[in-house]
Amino acid sequence: MLVFMDHGSGLITERLNRAGRLAGRVADLLLPPTCPACGVPTGGPDGVCAACFRRLSFIEAPFCARLGRPLRYDLGAGALSAEAIADPPPFTRQRAAVLYNETAGRIVHGFKYRDRPELGAFMARAMARSGKALLDEADLVVPVPMHRLRLFLRRYNQSALLAKTLAHGSERTYAPLVLKRTRRTRRQVGLDQKARAANVKRAFSVSMKDRPVLAGRRVLLVDDVVTSGATVREATKALLRAGALAVDVLAFALVVPGEEGALYA
Ligand SMILES: [Zn+2]
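Bear in mind the structure is a predicted one, so any value in this text is a computation, not a measurement.

Trainee: What's the story with the overall build of the protein in this structure? I'm lost.
Mentor: Within the protein one finds twelve helices and eight strands. For the protein, the proportion of its 265 residues judged to be buried stands at 38%. Pairs at least 24 apart in sequence give 70% of the contacts found in the protein among residues at least 6 apart.

Trainee: Any chance you could explain the nonpolar core here in plain terms?
Mentor: Considering soluble globular proteins, one finds that nonpolar side chains tend to be buried as a cluster. V142, L221, L239 and F252 are the most contacted members of the largest nonpolar core, which has 60 residues in total. With seven residues, the top contributor of residues to this core is strand β8 (residues 246-254). With sequence-adjacent residues up to four places away left out, L239 is seen in contact with L179, V206, L214, V219, L221, A244 and V247.

Trainee: Can you walk me through unusual backbone geometry in this structure?
Mentor: Negative phi values dominate among residues other than glycine, just as trans dominates among peptide bonds. A cis geometry characterises the amide bond from A61 onward to P62, with omega recorded as 0°. Along the polypeptide, P62 turns up in the loop between β1 (57-58) and α4 (82-86). Phi at E171 takes a positive value of approximately 55°, unusual for a residue other than glycine. Within the element layout of this structure, E171 appears in the loop between α9 (158-169) and β4 (173-174). Despite not being glycine, R202 shows a phi value in the positive range, around 55°. Structurally, R202 is set in the loop between α10 (193-200) and β6 (204-205).

Trainee: Looking at this structure, I do not really get the packing of helix α5 (residues 102-113) against helix α6 (residues 119-130). What am I missing?
Mentor: Helix packing for two helices is described by the angle between their axes and how far apart those axes are. The contact between α5 and α6 brings their axes to 9 Å, and the two run at 130°. Put simply, α5 runs oblique to α6. Pair α5 / α6 crosses with left-handed handedness. Contacts between α5 and α6 involve I107, G110 and F111 from the former and L119, G120 and M123 from the latter. Taken together, the residues of the contact of α5 with α6 break down into four nonpolar, two polar and no charged.

Trainee: Would you explain the pairing of strand β3 (residues 140-143) in this entry?
Mentor: The side chains of a regular strand alternate, residue by residue, between the two faces of the sheet. Residues of β3 alternate between two faces, with L140 and V142 on one and V141 and P143 on the opposite face, all of them buried. Examined bridge by bridge, β3 and strand β7 (residues 218-226) share four bridges and lie parallel to one another. Residue pairing in the sheet places V142 in a bridge with L221 of β7.

Trainee: Sorry if this is basic, but what is going on with the sheet that holds β1 here?
Mentor: To summarise the sheet geometry, strands pair through backbone hydrogen bonds and adopt either a parallel or an antiparallel arrangement. An order of β1-β2-β8-β7-β3-β4 is seen for the six strands of this open sheet, with the pairing classed as mixed. Only two strands of the sheet have a single neighbouring strand rather than two, namely β1 and β4. With five bridges joining them, strand β2 (residues 94-99) and β8 adopt parallel strand pairing. Following the sheet pairing, V98 is matched in β8 by A253. α5 contacts β2, β7 and β8 of the sheet and is inclined by roughly 105° relative to β7. Helix-sheet contacts for helix α12 (residues 230-241) involve β7 and β8, and the interaxial angle to β7 is about 160°.

Criteria and cut-off values
Within each chain, residue numbers correspond to sequence positions counted from 1 in written order. At least 70 in pLDDT is required for a residue's local features to be given in this predicted model, at least 80 for side-chain atom pairs to be given and counted, and no such filter applies to totals for whole chains, interfaces and linings, which use all residues. In this text, helices come from DSSP runs of H or I with a minimum length of four residues, and strands from runs of E with a minimum of two, each type numbered from the N-terminal end. Each residue is classified by how many other C-beta atoms fall within 10 Å of its C-beta atom, where C-beta atoms are placed from the backbone; a count of 20 or more means buried, 12 or fewer means exposed, and values in between mean partly exposed. Here the contact rule is simple: place C-beta atoms from the backbone, and any two residues whose C-beta atoms are within 7 Å are in contact. Linking buried Ala, Val, Leu, Ile, Met, Phe, Trp, Tyr and Cys residues through C-beta atoms within 7 Å yields a set, and such a set is a nonpolar core. Axes here refer to lines fitted to C-alpha atoms; in helices the fit is confined to the stretch in contact. Angles between the N-to-C directions go from 0 to 180 degrees. Here the word oblique covers every angle except those under 35 degrees (roughly parallel), over 145 (roughly antiparallel) and from 65 to 115 (roughly perpendicular). In a left-handed crossing the near helix is turned counterclockwise from the far helix by less than a right angle, and in a right-handed crossing that turn is clockwise. Side-chain classes follow a simple rule in which Ala, Val, Leu, Ile, Met, Phe, Trp, Tyr, Cys and Pro form the nonpolar group, Asp, Glu, Lys and Arg form the charged group, and the remainder, Gly included, forms the polar group. Strands qualify as paired when DSSP identifies two bridges or more between them.

Given below as structure tokens:
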């Protein structure tokens, strides 16, 4: 129990949060569903209103073939961004549905912290559209795992929920347990790029018994937001070390410094 004593105050806060969420669920039964990004009542269960939908910055071609970030000029299929050339990622392709902006941030936050798992359906649909080629070619869909202590506190891993929805929607194999987060890491918020990379170094692993599941397989790694890319790069390396043939990355939102003035918090 020592481990929990360390985080005792966090646990109490979380209990209060849970009580708050329960109250929220009771309120949900009485009130019409509201947009998670702006709070206006909406008709549908997914929640995102038409105005917020328009404020989302969907990533369309031309984009970098490796990193999936928008390119200013259309240089044809296979064109790479300067960033992908300067620092090639270990994964083959990365795609995201939207650029991270304020509206995307509110949706992600609502999904992650405000106990609105139904937002996952909306996010997964957008991801399935942007990542169709990646999904079609994937043998396994694997979420970026959470450390078990954080999972215990948060109740669900939002990336796992997205990965499961995507896998089932495209009849791919969902493999939530092969990749493990073996080292508990600090939250990446507030860390610069170098600190983020150091924070997640060797944080992931695949146990010997799970290696045959990955051997020679093409993996689609799923996360909700890709910020510096340090996490998905490190997770990709662990999958490749364990024998995966190739790894692609699919996220809902991609932080691109300088675009949309996005800072992920
Ligand atoms: Zn809205």
